[in-house]
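What follows is each chain in one-letter form.
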Amino acid sequence: DAEFFYGRESQVEAVWQQLRHTRLVGVTGPSGVGKTSFLRAGLLPARPGSWGLIHATPGASPFLALREVLVRELAGDTQAMLALLHQDDLDADIAMARRWRRKHDEVLLVLDQFEELFTLSPDVEQARFAELVSRLVFEADVHVLLSLRDDFLFHCQEQAGLAPVIHALTLLTPLSGGALRRALVKPALDCGYRFEDEAMIDEMIAAVEGERGALPLLAFTMAQLWERRDREQGLITREAYAQIGEVGGALAQHAEAVMEQIGNERHPLVREIFRNLVTGQTTRAVLEREELLSVFEPETRPAAEDILRRLIDARLLTTYESKGEDGSSHHRVEIVHESLLSAWPRLVRWQTQDADGAQLRDQLRQAAQLWEQKGRTEDLLWTGTAYQEFALWRERYPGGLSQQEESFAQAMAARAARRRKRRRLAVSGTFVVL
């Protein structure tokens, strides 16, 4: 799709300039920003002709994934094939890479979706593969490009062999302005199609601009519009845009397709994730990843983690890293676009069913956060009528509480129990005195 890739031309050139002078570089950005498209349709087709190139993703077996692409480059090389017998020998991997390197003026190894190393491999294998990447750079004279989500950068910093990539990063941010317009309009023009009116283009851009998942949102929309294009006149029509329900409608259709893939038996877990990412005012809530997952019981947490990953991969949720006041990293999750809250009938139905308790849940979350920030002081615990309302709500609430909210609730219950005990003692003392 390189001929249809628009919007990041200057960044493609900048990364190749960087690669000529730096051997370990990184490309990073939030989920859905277009990192894989940038590599496959932008960067790799623009490589100099004298450069050798291999492309891999770590997956669950990073060493095997790398060896497979190296073997294809060394087809017919008997010694390289023999080296494959040493499955756990980093020296053999380095030797294979050297043989590949000697065939070209320069070589580039691209490891896309590099966060898979940290999500799918145990700690020991992460460390060994990080060591291999470092040795490929310094011992085999290989240029290496790592592409990963920004919320996994801190993992690279923890591995000595990968730490230098922090100083050679290209940050991909959501497209905006003229670049976003080119990415939307130019591929259609190259195929002989134009938009029926300019206002429609402006509306689509306004609907997604500033969103972390702007490109996936446009992709969902354009896929639907392309199916309904006017072939006779070569038009992307406003009528078709209205039929799909605009950007929100296209996203809702995609959401239903994802739900079908996940399966009916796991829908309650999906609902619980979305329940915690929507406020009582039907707006998006932003939660830390661990806080969101702490809602689930230990026996269901692995399945919830898998579903959360699938929702992020499907671009229904987006995740990103932010820095706290103390410099610590926080990995936050939110719904990809506000329109999903009103355009996806299933989510609207869930919100309606939860409406009675949603406002109190928001108040609970805010109170628990303040209580935590202020050192868990008893003065901030709910008492009296506020606690009684919470206790009644908790009996009816079908979802779970986050770890922070559960701690707040337990502290309230303990304080209420102490107050009841003191009242009983006071009453008993009065009778004794009388």
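Residues numbered from 1 in each chain as written. Predicted model: local features only at pLDDT ≥ 70, side-chain atom pairs only at ≥ 80, totals over all residues. Heavy atoms only, no water.

A few points about the nonpolar core
Right, on to step 1. By size, the foremost hydrophobic cluster in this structure holds 57 residues, and its most contacted members are Phe274, Leu311 and Leu317.
Right, on to step 2. A total of 8 residues in this core trace back to one element, the largest contributor, which is helix H13 (residues 246-262).
Right, on to step 3. Each residue touching Leu317, except ones within four places of it in the same chain, is listed here: Ser31, Ile273, Phe274, Leu277, Leu308, Leu311, Ile312, Val333, Glu334, Ile335 and Val336.
Right, on to step 4. Residues Ala56, Ala140, Leu148 and Leu153 belong to the second largest nonpolar core, which totals 35 residues. (Core = buried A, V, L, I, M, F, W, Y, C linked by side-chain atoms within 4.5 Å. Buried < 20%, exposed > 50% of the residue type's maximum accessible area, 1.4 Å probe, protein only. Helix = DSSP H or I, 4+ residues; strand = E, 2+ residues; numbered from the N terminus. Contact = heavy atoms within 4.5 Å.)

Quick notes on unusual backbone geometry
Right, on to step 1. Despite not being glycine, Gln113 shows a phi value in the positive range, around 50°.
Right, on to step 2. For Gln113, the position within the fold is in the loop between strand S3 (106-111) and helix H6 (116-120).
Right, on to step 3. A residue is classified by how much of its surface remains accessible, and Gln113, at 31% relative accessible area, is partly exposed.
Right, on to step 4. Notably, Glu246 is not glycine yet its phi reads approximately 60°, a positive angle.
Right, on to step 5. Using a relative accessible area of 41% as the deciding quantity, one classes Glu246 as partly exposed.

A look at the side chain of Glu291
Right, on to step 1. Within the fold, Glu291 resides in helix H15 (residues 289-293).
Right, on to step 2. The contacts of Glu291, once residues within four sequence positions are left out, are Gln369, Ser402 and Gln404.

Some words on the pattern of salt bridges
Right, on to step 1. For the structure on display, the rule yields 28 salt bridges.
Right, on to step 2. Note that Glu9 is salt-bridged to Arg182, the shortest N-O span being 3.2 Å. On the criterion of sequence distance, the pair formed by Glu9 in helix H1 (residues 9-21) and Arg182 in helix H9 (residues 177-190) is long-range, its members being 173 residues apart.
Right, on to step 3. Judged by its relative accessible area of 35%, Glu9 falls in the partly exposed class.
Right, on to step 4. With a shortest N-O distance of 4.0 Å, Glu139 and Arg98 are connected by a salt bridge. Residue Glu139 is located in the loop between helix H7 (123-138) and strand S4 (143-149), and its partner Arg98 is located in helix H5 (residues 90-101); the two are separated by 41 residues in the primary sequence.
Right, on to step 5. Taking the relative accessible area as the measure of exposure, Glu139 reaches 35% and is therefore partly exposed.
Right, on to step 6. Salt bridges here are not isolated pairs; linked through shared partners, they connect Arg23, Arg101, Glu106 and Asp141. (Salt bridge = Lys/Arg side-chain N within 4 Å of Asp/Glu carboxyl O.)

Any functional reading would require information beyond the geometric quantities listed.
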